[in-house]
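# Geometric and topological summary
What follows is each chain in one-letter form.
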Amino acid sequence: MTTTPASSTHNTQRWNLNSLRLIRSDLSRIHRGIMLRRSRFPELAASHDLTILDLGCGSGAFLRHFHEQGYRRLFGVEPDADLIRQIPPDCAVVKQGYAQRLGFDDCSFDVVFIYGVLHHLKGLEAYGQALDEVRRVLRPGGRLFILEPGHWRMFRALEICAKLLGFFSPTFRAFSDVLDEEQPDVHFFIRNHLKVREHLISQGFLPLVDRYFLYSWLFTASKPA
Ligand SMILES: C[S@@+](CC[C@H](N)C(=O)[O-])C[C@H]1O[C@@H](n2cnc3c(N)ncnc32)[C@H](O)[C@@H]1O
């Protein structure tokens with residue numbers, strides 16, 4: 001993984017109000033539940049004693065969800081301090097930082113969870129750095145969950161549908177605005193997501209789920225013991 005399409009290796013874009021409105025919508029909540037089940041999260045990360053890192057946790061949508069489910073050893077990493085402030089402190093320990101340089105010790109986590117973050121990184125080199133950090137902080141036998149856009153045609157269809165529905169619904173208008181803002185990075189990721197899989201497999205990860213659902217690519221893998 002060596003090519004980088006842009007100069008920066010991390011996303012510095014601030015979330016706008018549209019993005020926040022979107023992730024708090026009922027639509028997003030339903031979507032989150034479906035994605036977790038399709039990734040086999042409830043089955044493969046069943047014990048509430050697991051130590052879980054939500055990488056690029058944003059304002060904590062998944063951390064809140066995991067907390068509600070009974071998980072108590074929750075950690076997050078997020079570059080945006082404004083988003084971190086929105087996460088209840090009793091829900092998780094959240095550090096400001098970047099996927100490419102995680103401020104945690106080796107083998108700290110049973111589970112690393114990544115939802116919609118890798119496509120914000122700038123190019124293959126940054127993906128590789130982030131994945132190597134994930135491997136470092138995950139304990140042997142630990143589980144990695146990646147949920148990212150990955151199905152090109154479905155994603156293009158989604159972009160068009162969101163634009164059309166945006167004429168009628170503020171939620172879809174917000175969604176469409178986010179898609180427009182993120183388009184170059186997302187399209188680059190979708191075209192290259194199989195290199196992410198190759199990289200992980202070359203590092204010894206054993207795939208447990210590797211499938212598409214709607215526009216998403218769901219990849220669950222186990223770190224070699
Ligand atoms: C689409 S949001 C997803 C947020 C969260 N995972 C969720 O599901 O609500 C992408 C998140 O990735 C974060 N992000 C962007 N670049 C990052 C990086 N280099 N390292 C870690 N997180 C990053 C953004 O700040 C943002 O919170």
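Just above sits the structure.
Another point: the side chain of Ser-176. With respect to the secondary-structure elements, Ser-176 resides in helix H8 (residues 170–202). Judged by relative accessible area, which is 6%, Ser-176 ranks as buried. Among all residues touching Ser-176, those that are not within four sequence positions of it are Ala-162 and Lys-163.

Our next topic: the environment of Leu-121. Among the structural elements, Leu-121 can be located in the loop between strand E4 (109–115) and helix H6 (124–137). For the pair Leu-121 and Glu-181, spaced 60 residues apart in the sequence, the C-alpha separation amounts to 14 Å.

Now for the packing of aromatic side chains. Evaluated as defined, the whole model comprises 16 aromatic pairs. Seen in terms of ring centroids, Phe-104 and Phe-109 are 4.9 Å apart; in terms of plane orientation they differ by 80°. Their pairing is edge-to-face. Relative accessible area serves as the criterion here: at 2%, Phe-109 is assigned to the buried category. Taken together, the aromatic side chains of Phe-41, Phe-62, Phe-66, Tyr-71, Phe-113, Tyr-115 and Phe-145 make up a single cluster linked through ring pairs. It is Arg-32 that lies over the ring of Phe-62; its NZ or CZ is 5.7 Å from the centre. Its end group placed over the ring of Phe-104, Lys-95 keeps NZ or CZ at 4.2 Å from the ring centre.

Right, let's talk about unusual backbone geometry for a bit. With a phi angle near 55°, Cys-107 is a residue other than glycine that sits in the positive phi range. Summarising the element assignment, Cys-107 is placed in the loop between strand E3 (93–96) and E4. Non-glycine residue Leu-214 carries a positive phi angle of around 55°. Structurally, Leu-214 is set in the loop between strand E6 (206–213) and strand E7 (216–222).

Cut-offs applied
- Residues numbered from 1 in each chain as written.
- Predicted model: local features only at pLDDT ≥ 70, side-chain atom pairs only at ≥ 80, totals over all residues.
- Heavy atoms only, no water.
- Helix = DSSP H or I, 4+ residues; strand = E, 2+ residues; numbered from the N terminus.
- Buried < 20%, exposed > 50% of the residue type's maximum accessible area, 1.4 Å probe, protein only.
- Contact = heavy atoms within 4.5 Å.
- Phe/Tyr/Trp six-rings, centres within 6.5 Å; stacked < 30°, edge-to-face > 60°.
- Lys NZ or Arg CZ within 6 Å of the ring centre and 35° of its normal.

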